[in-house]
Amino acid sequence: MWALTTAQMRKSIGRLLAVGIAIALGTGFVTATFVTTSTIEETALAAASAELGDPDAVVQIPREESLETGQLDAIAAINGVSTVQPLGFVAREVRVGGVSTQVLFTPVPPDPRLGQVSLVEGTEPTGTNEVAIPVSAAERLGVGIGDDVEIVVTSWTDDPTGGAPESTGVSMQVSGLASDGSGLGFGTPFALASLDLMNEWQAEDDWYTWEGATLLLTDDADRAAITEAVTAMVPSAEVVSGEEYAENAAASFTGGVLVFRGLILAFAAVALAVAGIVIANTFTVLVAQRTTTLALLRCVGATAAQVRRSVRLEALLLGLIASAAGIALGLGLGQATLSILRAVNDGVPLPAVVPVSGWTIAVPLVAGVLVTVISASGAARLATRVAPLAALRPVDAPMAEGRTGRVSARVVVGWILAIGGIAAMAGALVWSRTDPAGSFELALLLGVVGGLATLVGVVLAAITIVPLAVRVLGRAVGAAGGPAQRLAATNSARNPRRTTSTATALIVGVSLVTMMATGAATARSQLTTMLDEEIAVDITVTSPTGTFLSQETYDAIMAVDGVAASMVLEGTQAQVTSSTGTVSVAAWRVGDLRDVEAVVRTATGWTRDHAAYADGWIVSGDETVTINDGAGGQYGLPTRLLPGLPDFTMLLESEAWEYSTLEADTSAVWLALTPDADPRAVSVAIEDVISQTTPSGTPVATVAGGAVQRAGYAQIIDTLLIVVVGLLGVAVVIALIGVANTLALSVVERRRENALLRALGLTRRQLRASLATEGVLLALVGALVGIILGLAFGWVGSSLLLGVAGDAVPLVVPWETIGIVIVVAIVSGVLASVLPARGAVKVPPVVALAS
């Protein structure tokens with residue numbers, strides 16, 4: 001049977017190729033998942049190691065504690081300890097002219113093995129007048145080795161009423177340039193300073209930041225004795241090796257990587273399940289086409305078991321070959337992606353070669369083979385269902401539809417599951433509305449179970465849904481088209497089982513894609529509405545207490561592209577007493593409260609009066625509050641809630657301000673942006689103009705606001721959507737391969753029929769058009785049913801996850817995603833018909849009729 005099996009595979013190589021591609025895509029998906037998560041784990045470990053250097057031991061202490069200089073000196077004096085390097089940093093602003101940047105300074109290591117930051121060029125700083133700054137900071141500031149920079153320190157007084165901050169700058173020389181990489185501390189770059197300078201800064205800040213220490217030990221050191229001595233000095237300390245520390249640090253970072261791997265593997269499972277549908281459909285048709293051959297084998301002595309083993313062996317060989325190709329594909333894509341990331345991320349310790357473990361090879365290989373063999377099992381049973389003598393009759397052997405009882409039972413079970421799943425989802429929605437506080441988890445679980453039951457039910461009952469949809473859509477296409485389109489509509493409905501199997505693969509993939517897109521669109525809409533209400537000011541520019549924004553700064557801010565409107569405020573810190581207690585707020589004077597409408601999204605119809613407008617942190621509703629002006633005066637003012645103001649903010653119209661006798665000692669500008677503005681770009685531009693227009697030695701105004709936050713959340717949602725849709729897109733691609741495979745097999749089955757049509761006058765172009773229309777009908781039906789299910793699943797899931805206090809969540813239709821899915825289905829249906837049509841028109845009608 002081995003020779004027979006391999007011969008049959010060689011004869012059917014073209015038909016098996018599409019199945020092999022589907023398997024390879026699924027196993028490649030699994031391989032890429034393992035490669036990606038293993039790379040993350042290895043990178044995290046390398047980053048954690050780079051954060052320390054190469055120490056023999058690490059002294060760890062709880063986050064809320066710190067090591068003092070005296071304790072470090074005592075540890076250094078322990079017998080067996082040769083070198084001690086404190087772990088920690090001091091944040092400082094580095095300024096040159098009007099440009100500044102924040103860096104984290106760490107001490108110069110006494111031994112290269114304990115270096116947290118490596119020098120790119122220059123020398124290590126010595127004394128208290130030299131520093132080594134990161135390459136990125138040097139490029140931003142436009143300085144090099146030997147140039148002077150200003151190290152700025154801003155300190156605040158202990159005056160409870162506020163007081164003006166004091167900003168001092170000290171000129172220091174750049175002795176070297178440090179690498180931007182900082183282990184797990186990605187973000188603010190690390191710089192180098194001498195230990196003496198670090199101690200001076202810590203004394204200035206009155207805050208010790210040493211969070212541990214790294215140690216080098218002598219060759220004859222007793223680790224147990226050193227550990228005991230360290231814990232005697234610092235009872236909360238823990239002494240571990242450098243390897244243990246790196247592994248623990250990496251584990252804290254990669255704890256979610258295993259969850260991430262599980263989530264991605266779930267998407268891979270969907271892709272493999274869809275591939276299984278394609279495999280089952282293809283093998284069933286192949287076995288039906290070989291009915292005569294298999295019957296002849298049984299007549300000459302082959303047993304039914306041997307024939308079944310032959311089909312399973314064919315599936316096993318195909319699974320092995322395609323899975324190996326998929327593993328190679330996944331490794332290749334992983335390595336290519338890693339090479340690109342290494343080229344654009346110099347500071348990240350990425351490995352040069354993708355890490356490959358036994359699981360990386362074994363899991364996708366076993367998964368691919370099992371899915372292939374299991375999916376082909378039905379075809380293997382079908383191979384021996386027809387009696388040998390009956391199969392040898394010289395008539396076309398139609399693909400077996402299965403016994404009516406089984407199909408009917410499957411349909412009944414499918415509809416029971418679908419109706420029960422819909423009822424469960426509806427019950428979950430009602431439950432979450434009637435008891436939103438106590439039933440969230442249970443309602444969500446019920447909704448998830450209902451959704452899964454509905455999807456499984458639709459898959460089982462699809463043979464009653466898909467053929468009907470194909471006939472309805474086919475009639476519309478046939479009525480609008482010509483003979484080729486009418487022929488396609490008839491052909492697409494001739495084999496309900498195959499049509500259903502092909503469309504089912506698409507239904508699963510498209511429904512999941514649409515579900516995620518609907519959920520993301522709904523979440524984005526709900527989040528935007530919530531943030532517009534809670535953070536209604538796009539951008540705020542606030543000068544520190546005791547300073548005012550200059551006219552030059554204001555003009556430069558208004559000249560930034562993307563700024564649409566502004567409101568200038570002057571204010572101070574004030575104590576406000578209400579029914580909720582006494583709090584310190586930023587009290588701002590505005591000339592006319594109608595000006596608020598220009599910059600606050602939720603402000604509408606405000607009238608000029610003496611009321612102060614407060615956010616919900618200050619008062620619980622409209623009430624009269626008492627304002628303490630800081631000089632002993634207390635004044636009562638009525639308030640009114642204005643949603644969306646920054647936290648602990650109160651606005652007073654000019655007359656109310658004068659009545660309260662508050663004295664302004666700071667200023668701010670609230671800005672509204674144009675609809676097409678990029679909030680991040682505008683914020684960076686405003687920060688640049690503030691740095692350039694702020695005199696040296698003056699504290700720099702802070703830039704904040706809701707626009708950047710809104711854009712950040714939207715970007716997170718969009719990024720997650722792209723990732724998830726991309727992952728689920730693999731399943732859609734596999735399903736579309738199934739459409740091509742179905743058309744190719746249909747062409748082979750209708751060989752004489754197509755030849756007769758050609759002989760009766762059907763042109764090559766009409767035959768190609770007929771097959772293209774058939775492919776589009778199959779793809780469109782699967783896509784449309786999947787879109788309907790996906791919209792329902794996405795809305796129910798969003799309602800359960802985002803419904804607050806029982807509020808209804810509107811359905812937000814992701815028209816862009818739906819449009820893309822439909823276009824892809826149409827284009828893919830046409831492309832899927834190209835090769836089958838070429839094979840159909842290549843054979844002369846007379847030759848085909850004689851076969």
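Residues numbered from 1 in each chain as written. Predicted model: local features only at pLDDT ≥ 70, side-chain atom pairs only at ≥ 80, totals over all residues. Heavy atoms only, no water.

### Let's talk about the overall build of the protein chain
Then comes step 1: Across its full length, the protein chain carries 26 helices and 20 strands.
Then comes step 2: For the protein chain, the residues scored as buried account for 47% of the 851 residues in total.
Then comes step 3: As displayed, the protein chain has an accessible area near 38,700 Å², and 62% of this comes from carbon and sulfur atoms. (Helix = DSSP H or I, 4+ residues; strand = E, 2+ residues; numbered from the N terminus. Buried < 20%, exposed > 50% of the residue type's maximum accessible area, 1.4 Å probe, protein only. Areas by Shrake-Rupley, 256 points an atom, 1.4 Å probe, with all protein chains shown as cover.)

### Describing the pairing of strand β9 (residues 190–193)
Then comes step 1: Burial along β9 is two-sided: Phe190 and Leu192 facing one way and Ala191 and Ala193 facing the other are all buried.
Then comes step 2: One ladder, built from four bridges, connects strand β4 (residues 99–107) with β9; its direction is parallel. When the bridges of β9 are listed, Phe105 appears paired with Ala191. (Pairing = 2+ DSSP bridges.)

### Description of a positive patch on the surface
Then comes step 1: Residues Arg764, Arg765, Arg768, Arg838 and Lys842 make up a contiguous surface patch of positive charge.
Then comes step 2: When contributions to the positive patch are tallied by element, the ones reaching two or more residues are α23 (764–802) and α25 (834–842).
Then comes step 3: Take the positive patch: its biggest share by element is three residues, from α23.
Then comes step 4: Position of Arg838 relative to the elements: it lies in helix α25. (Patch = residues over 30% accessible without salt bridge, like charges linked within 9 Å, V, L, I, M, F, W, Y side chains within 5 Å. Salt bridge = Lys/Arg side-chain N within 4 Å of Asp/Glu carboxyl O. Lys, Arg positive; Asp, Glu negative; His and termini not counted. Charge placed at Lys NZ, Arg CZ, Asp CG, Glu CD.)

### Quick word on the packing of α23 against helix α24 (residues 815–832)
Then comes step 1: Close contact between α23 and α24 brings their axes to 7 Å; oriented N to C, the two are set at 155°. The angle between α23 and α24 places the two elements in the roughly antiparallel class. Taken as a pair, α23 and α24 cross one another with a handedness that is right-handed. Two secondary-structure elements touch here, α23 through Ala772, Gly775, Val776, Ala779, Leu780, Ala783, Leu784, Ile787 and Leu791 and α24 through Ile818, Val821, Ile822, Ala825, Ile826, Gly829 and Val830.
Then comes step 2: Residue composition of the contact of α23 with α24, grouped by class: 14 nonpolar, two polar and no charged. (Axes fitted to C-alpha atoms, helices over the stretch in contact; angles between N-to-C directions. Parallel < 35°, antiparallel > 145°, perpendicular 65-115°, else oblique. Left-handed = near helix turned anticlockwise from the far one by under 90°. Contact = heavy atoms within 4.5 Å. Nonpolar A, V, L, I, M, F, W, Y, C, P; charged D, E, K, R; others polar.)

### Section: helix α20 (residues 679–693)
Then comes step 1: Helix length check: α20, at 15 residues, gives a terminal C-alpha distance of 21 Å against a target of 21 Å (1.5 Å per residue), a fit within 8%.
Then comes step 2: Listed in full, the buried residues belonging to α20 are Pro679, Val682, Ser683, Ile686, Val689, Ile690, Ser691 and Thr693. (Expected span 1.5 Å × (residues − 1).)

### Considering the nonpolar core
Then comes step 1: In this structure, Val59, Leu67, Phe105, Val131, Trp201, Leu215 and Val230 are the most contacted members of the largest nonpolar core, which totals 38 residues.
Then comes step 2: Of all hydrophobic cores here, the second largest spans 29 residues; its members include Ala271, Ala275, Val732 and Leu743. (Core = buried A, V, L, I, M, F, W, Y, C linked by side-chain atoms within 4.5 Å.)

### Regarding empty space enclosed by the protein
Then comes step 1: In this structure the tally under the stated criterion is two cavities of 30 Å³ or more.
Then comes step 2: Within this model, the largest cavity holds a volume of roughly 50 Å³.
Then comes step 3: Ile277, Val278, Asn281, Thr282, Ser501, Thr502, Ala505, Ala735, Gly738, Val739, Asn741 and Thr742 are the residues that line the largest cavity.
Then comes step 4: Of all the secondary structure elements, the ones that give two or more residues to the lining of the largest cavity are α7 (242–289), α16 (496–534) and α21 (706–749).
Then comes step 5: Tallying contributions element by element places α21 first for the lining of the largest cavity, with five residues. (1 Å grid on protein atoms, 1.4 Å probe; cavity = no way out; pocket = protein on both sides within 12 Å on 5 of 7 lines; lining within 4 Å. Points joined across faces, edges and corners; volume = space filled by probe spheres on them.)

### Details of the environment of Pro55
Then comes step 1: Relative to the helices and strands, Pro55 resides in the loop between α2 (13–52) and β1 (57–60).
Then comes step 2: Classification of Pro55 as buried rests on a relative accessible area of 6%.
Then comes step 3: If we ignore the near neighbours within four places in the chain, the residues touching Pro55 are Arg113, Leu114, Thr214, Leu215, Leu216 and Gly242.

### Quick look at the sheet that holds strand β10 (residues 212–217)
Then comes step 1: Taken together, four strands build an open sheet; the order of strands is β2-β10-β1-β11 and the sheet is antiparallel. In this open sheet, the two edge strands, each paired with only one partner strand, are β2 (81–87) and β11 (238–240). With direction set aside, neighbouring strand axes in the sheet form an average angle of 20°.
Then comes step 2: Pairing geometry for β2 and β10, over six bridges, is antiparallel. Counted as the bridge partner of Val84 is Leu215 from β10.
Then comes step 3: Along the sheet face, helix α3 (residues 69–76) touches β2 and β10 and points at about 155° away from the line of β2.

### Considerations on a negative patch on the surface
Then comes step 1: Taken together, the side chains of Glu238, Glu243, Glu244 and Glu247 make up a negatively charged region of the molecular surface.
Then comes step 2: Counting residues per element, the negative patch draws most heavily on α7, at three residues.
Then comes step 3: Within the element layout of this structure, Glu244 appears in helix α7.
Then comes step 4: Overall, Glu244 belongs to the partly exposed group, its relative accessible area being 41%.

### A few points about a nonpolar patch on the surface
Then comes step 1: On the surface, a cluster of nonpolar side chains totalling about 470 Å² of accessible area is made up of Val823, Val827, Leu831, Val834 and Leu835.
Then comes step 2: Counting residues per element, the ones that place at least two in the nonpolar patch are α24 and α25.
Then comes step 3: Along the chain, Leu831 falls in helix α24.

### Examining the pairing of strand β14 (residues 581–590)
Then comes step 1: The pairing of strand β13 (residues 563–578) with β14 spans nine bridges and is antiparallel. Residue Gly571 lies in a different strand from β14, and its bridge partner there is Trp588.
Then comes step 2: Connecting the antiparallel pair β13 and β14 is a turn made up of two residues.
Then comes step 3: Looking at chain direction, β14 and strand β18 (residues 649–653) are connected through five bridges and run parallel. Paired with Arg589 across the bridge in β18 is Leu652.

### Remarks on the confidence of the model for the protein chain
Then comes step 1: The share of residues in the protein chain with pLDDT of 70 or more is 81%, and the mean pLDDT across the chain is 78.
Then comes step 2: Taking the mean pLDDT of every element in the protein chain, the minimum, 60, falls on helix α11 (residues 388–391) and the maximum, 92, on strand β6 (residues 130–134).
Then comes step 3: Counting interchain partners and residues more than four positions distant, the pLDDT-below-50 stretch residues 182–187 has 13 contacts.
Then comes step 4: Predicted confidence is poor over residues 394–406, with pLDDT under 50, and the contacts of this stretch with residues over four places away or in other chains come to 17 contacts. (pLDDT = per-residue confidence, 0-100.)

### Focus on the side chain of Thr693
Then comes step 1: Note that Thr693 resides in helix α20.
Then comes step 2: A distance of 2.9 Å separates the side chain of Thr693 from the side chain of Thr553, its partner in a polar contact.
Then comes step 3: Leaving out residues up to four positions away in the same chain, Thr693 has contacts with Glu552, Thr553 and Ala556. (Polar contact = N/O pair within 3.5 Å; in protein donor to acceptor, adjacent residues only side chain to side chain.)

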